[in-house]
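Chain residues, written in single-letter form:
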Amino acid sequence: FLGVPWYYRHSIFVLRRAVKEWNTHQKHKFAINFGDIVDGFCPKDQSLGTIKKLVDEFEMFRGGPVHHIIGNHCLYNLPRSELLPLLKIKTLDGRAYYDFSPVPEYRFVVLDGYDISAIGWPKDHPKTLEALKILREKNPNENKNSPINMEGLERRFLMFNGAIGKEQMKWLDDVLLEATKLKQKVVICCHLPLDPGAASEKGLLWNYDEVMNLIHKYNCVKVCLAGHYHRGGYSIDSHGIHHRVLEAALECPPGTDAFGYIDVYDDRISLVGTDRMKSTEMDFTPPS
């Protein structure tokens, strides 16, 4: 893809090695997959079986529940009505956002970056129509996945990205307020990156700025984790929040890996990466 080899069939071996490695640790509370469990070019008559096969591999993890995030490639294959039950995402009305607290001091908040999207919803769904309206206004190209003649951060308005809608924004506000009252530290998880410093502008959430303006109202959010941008990235924003985009298994040549685990502390989060996934120390104390 754009000159970068994608190793589709090798990815399942990366997953198997990841689960095997995670199972050697006694302390892991859960596993999380940041989306694109299947590729967009998967033959549609094989999509269901392929996703089931990969979900079964994740289920070999013995440390606790496995949480999934939906990505654009997932939505190319199956509608939300079929995809969410497969991934055991239990929400109402096709929503794919939720939160959980594996330990009392921390809360993980999973955002649905394709809440407003031209993919995944029925063609006449209000969320599809809203997304198409945004694309018409922001992207001058006939091919809405093309950023030609678009400049800077405007290049994010592509069909393979999406936005967070008003209901989800209200939900996020409520969750962060509650986390603040409980004195929890929050880790935001989303398939789409939320900071231009950590990823290509072509891979950002459409309304990342609106979402980050809300997040910046609270001191509880410490880290934002994302997928989508396969190369990976890292930045610290103006409010000291760490943004870590995770390297993709899909771009691992045979014999290499990209997975990791996270240790959480009172004052930092430590990502311990394997091979192509870089280890990252995320200290909550701003440098003096």
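To be clear, the structure that these remarks concern was listed above.
Computed from a predicted model, the values in this text were never measured in an experiment.

Chemist: Can you help me understand the pattern of salt bridges in this one?
Modeler: Should their charged atoms come close, side chains of opposite charge can pair. Scanning the model with the defined rule gives 18 salt bridges in all. A salt bridge links E178 to R107; the nearest nitrogen and oxygen atoms lie 3.1 Å apart. You can see E178 sitting in helix α6 (residues 166-181) and its partner R107 sitting in strand β4 (residues 106-110), a full 71 residues away along the chain. Residue R268 is joined to D267 by a salt bridge in which the shortest nitrogen-to-oxygen separation is 3.2 Å. On the basis of relative accessibility, which here comes to 35%, the residue D267 falls in the partly exposed class. Look at the salt bridges and you will find they share partners, linking D93, R95 and E167 into a network.

Chemist: How should unusual backbone geometry be read in this particular structure?
Modeler: Among all residues except glycine, the phi angle is most often negative; among peptide bonds, the trans geometry is most common. For K88, which is not glycine, the phi dihedral falls at a positive 55 degrees. Residue position: K88 is located in the loop between α4 (80-86) and β3 (98-100). Phi at K183 is positive, roughly 60 degrees, even though this residue is not glycine. Relative to the helices and strands, K183 is located in the loop between α6 and β5 (185-190). Assessed through its relative accessible area of 72%, K183 is described here as exposed.

Chemist: Can you walk me through the sheet that holds strand β11 (residues 280-283) in this structure?
Modeler: Adjacent strands of a sheet form backbone hydrogen bonds with each other and so pair up, either parallel or antiparallel. One open sheet holds the three strands; their spatial order is β9-β10-β11, and the pairing between them is antiparallel. Looking at strand neighbours, the two that pair on one side only are β9 (258-264) and β11, the edges of this open sheet. When strand polarity is set aside, the average angle formed by the axes of neighbouring strands in this sheet is 15 degrees. In terms of strand pairing, β9 meets strand β10 (residues 268-275) through seven bridges, oriented antiparallel.

Chemist: Please clarify how empty space enclosed by the protein should be interpreted in this entry.
Modeler: Rolling a probe over the atoms, with the probe sized like a water molecule, indicates the empty space that remains. Applying the stated criterion across every chain, the model contains one cavity of 30 Å³ or more. Empty space within the largest cavity amounts to approximately 40 Å³. Of all the elements in the fold, those that place two or more residues in the lining of the largest cavity are β6 (221-226) and β8 (242-245). Its residues placed into classes, the lining of the largest cavity shows eight nonpolar, one polar and two charged.

Reading the values: rules and limits
Residues numbered from 1 in each chain as written. Predicted model: local features only at pLDDT ≥ 70, side-chain atom pairs only at ≥ 80, totals over all residues. Heavy atoms only, no water. Salt bridge = Lys/Arg side-chain N within 4 Å of Asp/Glu carboxyl O. Helix = DSSP H or I, 4+ residues; strand = E, 2+ residues; numbered from the N terminus. Buried < 20%, exposed > 50% of the residue type's maximum accessible area, 1.4 Å probe, protein only. Pairing = 2+ DSSP bridges. Axes fitted to C-alpha atoms, helices over the stretch in contact; angles between N-to-C directions. 1 Å grid on protein atoms, 1.4 Å probe; cavity = no way out; pocket = protein on both sides within 12 Å on 5 of 7 lines; lining within 4 Å. Points joined across faces, edges and corners; volume = space filled by probe spheres on them. Nonpolar A, V, L, I, M, F, W, Y, C, P; charged D, E, K, R; others polar.

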